[in-house]
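Reading the structure
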Amino acid sequence: MTSDLRQRKKAARIALPTAVLLLIGSAVVVQSSAPAAAAETTLRAAAAKAGLFFGVAASPNRLYPIVGQEFSQLTPENDMKPDRIATSSGGLQNTSGADTLVNHAQSNNMLVRGHTLVWHSQAGALQGASQATLNTFIGNAINRWGSRIAYWDVVNEALEDNNTGRRRNQWPHTMNRDANGDGDFFDAGDTDVIRDSFIRAKQVVQAGGLTTKLCINDYDVDGLTVQGGTPNRKADALYDIVRNYRQYIDCVGFQAHFNDNPNSIITNDLQANIQRFADLGVEVHITELDIDDDLSNNDIGTGQAENYRKVVRACLNVAQCTGITVWGISDSESWRSSERGLLFTGGNGSYQKKAAYHAVLDELNKGRNPTAPPTTPPVTPTVPPTTPPVDPTTPPPPTTPPNPTTGCSATVSLDSWTGGFVATVRVTAGSAPISGWSVQLTLPSGASVTNTWNANRTGTSGTVRFSNVSYNGSVNAGQYTEFGFQGVGTATGLTPVCTAS
């Protein structure tokens with residue numbers, strides 16, 4: 001992603017070294033941020049062992065040996081954007097740069113992420129184009145490279161900045177959205193550029209028998225909350241899009257350009273948000289990762305390394321988080337070079353590993369969380385069914401036993417941290433199908449609900465009642481559905497009471 005509005009200049013600073021000398025009395029002690037020798041010695045190998053890809057954004061003039069050595073996935077930084085390859089009629093032009101990248105990836109057994117088809121920025125000759133022209137471009141681009149593209153960013157950055165939860169008002173995201181004027185943006189009678197672009201992309205993939213998966217990609221959607229604990233309305237809006245158009249969307253990209261903007265920080269509920277999307281049955285990818293040194297008080301040693309650990313671990317702990325991509329190789333070559341947010345220093349093929357590199361390698365070598373078994377991403381991904389599959393991850397053991405009810409039972413699993421928690425509630429039908437359900441929970445004193453998904457809610461503290469929404473009320477005998485909520489305080493001893501209708 002590039003955007004003049006998001007770039008910020010900084011004064012030049014002296015980088016802290018990765019090894020720091022500490023004076024203790026008259027002795028000198030050397031502390032190094034690099035971990036002990038790892039089981040695997042490259043990011044690529046360690047990630048593969050953990051069951052995910054580790055990728056990089058690149059351009060044709062930076063295909064140094066390190067690209068194939070350290071990374072197993074490649075995203076063209078600019079060479080597949082519409083301003084490079086689209087004509088005003090939706091045809092293709094100037095594809096040599098993209099072809100070079102795809103061929104290089106194929107030669108090095110790397111996955112490729114196509115970036116991007118529909119975007120308000122860098123639209124080039126497509127600026128202001130109709131949906132019909134967009135559909136022509138979508139078809140031409142997908143068919144150009146076929147299954148050599150493992151993932152396509154079909155729609156990119158469709159949501160406004162500043163945590164409004166609204167779509168952008170730049171073309172094409174306001175194009176005749178509520179066509180029938182009923183105020184419902186998700187029914188079949190409406191024209192929606194997001195939905196219609198995904199429909200077209202899915203048609204092309206299915207008609208060609210391609211294995212390409214179709215993704216939606218955005219930034220500042222990483223956590224359930226933003227700075228200060230405010231709900232992340234942008235993430236919620238993205239979640240609603242994926243939930244409503246799940247039959248067309250296979251994967252979600254969190255750009256993860258972390259910096260000191262209140263909406264761009266690394267929050268403790270990053271993993272919970274990844275899990276929330278994974279529960280919809282989509283793959284989740286961290287697609288454009290870089291971490292501003294402002295988040296570690298300008299420390300590109302241990303401080304920045306620990307921030308990378310947090311992000312990588314959040315992905316590793318969710319089985320459906322199947323890939324991480326950094327947005328460039330080295331700080332000096334980054335679109336945000338002054339923020340020193342990548343894993344290497346140096347340039348032009350001569351790179352030095354930072355403390356952040358060693359931290360990421362170490363974390364990848366630790367592997368997945370034992371409660372989230374690894375899922376190895378296929379080199380040639382398969383197209384999922386048109387209805388959302390049941391979440392394939394093995395749920396953690398419930399903290400409470402199922403309550404004895406004839407129609408349904410419910411269990412609660414908690415992910416807690418100091419001052420907050422996320423609860424996942426599983427509703428299981430009994431010996432007969434149910435057409436609706438409600439779950440009642442009594443929260444401990446001081447605990448309250450701040451955010452809910454996949455359920456309607458009555459109340460925020462004390463006794464809180466949750467009920468099904470339109471798409472998850474019907475549950476077959478012996479089957480289950482899940483909803484979740486986030487809260488502040490401590491939630492222990494929750495005993496859910498399930499009632500079926």
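Residues numbered from 1 in each chain as written. Predicted model: local features only at pLDDT ≥ 70, side-chain atom pairs only at ≥ 80, totals over all residues. Heavy atoms only, no water.

1. Some thoughts on the packing of aromatic side chains
Put simply, the test is: In this analysis, rings of Phe, Tyr and Trp, with Trp reduced to its six-membered ring, are considered paired at centre separations within 6.5 Å, and the interplanar angle assigns stacked below 30 degrees, edge-to-face beyond 60, and tilted for intermediate values. Only DSSP runs of H or I with at least four residues qualify as helices, and only runs of E with at least two residues qualify as strands; both kinds are numbered from the N terminus onward. The classification of residues rests on relative accessible area computed with a 1.4 Å probe and restricted to protein chains. Under 20% of the type maximum is buried, over 50% is exposed, and intermediate values are partly exposed.
Under the criterion given, the structure shown has twelve aromatic pairs. Their ring planes at 35° and their centres at 5.1 Å tell us that Phe466 and Phe483 sit as a pair that is tilted. Here Phe466, found in strand S19 (residues 463-467), pairs with Phe483, found in strand S20 (residues 480-488); they are 17 residues apart in sequence, far enough to count as distant. Looking at Phe466, the relative accessible area reads 1%, which means it is buried. Here Phe483 falls in the buried class, since its relative accessible area comes to 1%. Their ring planes at 20° and their centres at 4.8 Å tell us that Phe466 and Phe485 sit as a pair that is stacked.

2. Structural notes on the sheet that holds strand S18 (residues 456-458)
Threshold: Pairs of strands are assigned from DSSP output, requiring at least two bridges between the strands. Axis geometry follows a simple rule: fit a line to the C-alpha atoms, using only the stretch in contact for helices, then measure angles between N-to-C directions, giving values from 0 to 180 degrees.
If you trace the four strands from one edge of the open sheet to the other, you get S18-S19-S16-S21, paired in antiparallel fashion. Two strands bound the open sheet, and with one partner strand each, they are S18 and strand S21 (497-500). The mean inter-strand angle of the sheet, taken between neighbouring strand axes irrespective of direction, is 20°.

3. Thoughts on the packing of helix H5 (residues 131-145) against helix H6 (residues 193-207)
The criterion, for reference: Left-handed describes a crossing whose near helix is turned anticlockwise from the far helix by less than a right angle; the clockwise case is right-handed. The contact criterion used throughout is that any non-hydrogen atoms of two residues lie within 4.5 Å.
Contact geometry for H5 and H6: axes closest at 9 Å, N-to-C directions at 35°. In the crossing of H5 with H6, the sense of the turn from one axis to the other is right-handed. Contact residues: Gln131, Leu134, Asn135, Ile138, Gly139, Ile142 and Asn143 in H5; Val193, Asp196, Ser197, Arg200, Ala201, Val204 and Val205 in H6.

4. What to know about the environment of Tyr151
We apply this condition: N or O atoms closer than or at 3.5 Å make up a polar contact, with two conditions inside protein: a donor-capable atom paired with an acceptor-capable one, and, for residues adjacent in sequence, both atoms drawn from side chains.
Note that Tyr151 resides in strand S6 (residues 151-156). Taking the relative accessible area as the measure of exposure, Tyr151 reaches 0% and is therefore buried. Along the chain, Tyr151 and Gly114 lie 37 residues apart, while their C-alpha atoms are 6.1 Å from each other. Among the polar contacts listed, one links the side chain of Tyr151 to the side chain of Glu283, at a separation of 2.9 Å.

5. Regarding the UniProt feature "active site" (unreviewed entry) in the protein chain
Using the following cut-off: UniProt positions are given in the numbering used here, feature names are shortened, and annotations may be inferred rather than shown by experiment.
The UniProt record marks Glu288 with the feature "active site" (unreviewed entry), using the residue numbering of this structure. Relative to the assigned elements, Glu288 resides in strand S10 (residues 283-291). Assessed through its relative accessible area of 1%, Glu288 is described here as buried.

6. Some points on the sheet that holds strand S17 (residues 448-453)
Spatially, S14-S15-S20-S17 is the arrangement adopted by the four strands of the open sheet, whose pairing is antiparallel. Single-partner strands in this sheet number two, and they are strand S14 (408-417) and S17. Ignoring which end each strand starts from, the neighbouring axes of this sheet average 25° apart.

7. A look at the pairing of strand S13 (residues 350-353)
In this structure, strand S12 (residues 344-347) lies alongside S13, joined through four bridges in antiparallel fashion. By the bridge assignment, Gly347 is partnered in S13 with Ser350. Hairpin connection from S12 to S13: two residues lie between these consecutive antiparallel strands, with Asn348 at a positive phi of about 55°.

8. Comments concerning the packing of helix H1 (residues 43-50) against helix H10 (residues 355-366)
The criterion, for reference: Angles below 35 degrees are treated as roughly parallel, those above 145 as roughly antiparallel, those between 65 and 115 as roughly perpendicular, and all remaining angles as oblique.
Their axes nearest at 8 Å, the elements H1 and H10 cross at an angle of 25°. Relative to H10, the element H1 is oriented roughly parallel. The handedness of the crossing between H1 and H10 comes out as left-handed. Where H1 approaches H10, its residues Leu43, Ala46, Ala47 and Ala50 are matched on the opposing element by Tyr357, Val360, Leu361, Leu364 and Asn365.

9. Describing the nonpolar core
Our working rule: We define the nonpolar core as a collection of buried residues of types Ala, Val, Leu, Ile, Met, Phe, Trp, Tyr and Cys that are connected through side-chain atoms lying within 4.5 Å of one another.
Grouped together as the largest cluster of nonpolar side chains are 98 residues, with contacts concentrated most on Phe54, Trp152, Ile216, Leu289, Leu343 and Leu364. Grouped together as the second largest cluster of nonpolar side chains are 24 residues, Phe421, Ala423, Ile434 and Leu443 included.

10. Description of H1
Of all the positions in H1, only Leu43, Arg44, Ala46, Ala47 and Ala50 are classed as buried. In this structure, the buried side of H1 is in contact with strand S3 (53-58), helix H2 (65-70), helix H9 (302-316) and H10.

11. Describing the confidence of the model for the protein chain
Threshold: The pLDDT value expresses, per residue, how confident the predictor is, ranging between 0 and 100.
Per-residue confidence for the protein chain gives a mean pLDDT of 85, with 85% of residues at or over 70. In this model residues 2-38 is a low-confidence stretch, pLDDT under 50, and it forms 66 contacts with partners more than four residues away in sequence or in other chains. This stretch, residues 370-405, has a pLDDT under 50; its non-local contacts, to residues over four places away or in other chains, come to 81 contacts.

12. A few points about the side chain of Glu70
Just so we agree on the cut-off: We treat Lys and Arg as the positive residues and Asp and Glu as the negative residues; His and chain ends play no part in the count. Whenever Lys or Arg places a side-chain nitrogen within 4 Å of a carboxyl oxygen from Asp or Glu, that contact is recorded as a salt bridge.
Within the secondary structure, Glu70 is located in helix H2. There is no salt bridge for the buried Glu70, and the closest opposite charge comes from Lys353, which lies 4.3 Å off by N-O distance. Excluding residues that lie within four positions of it along the chain, Glu70 makes contacts with Thr41, Thr42, Leu43, Arg44, Phe54, Phe344, Lys353 and Tyr357.

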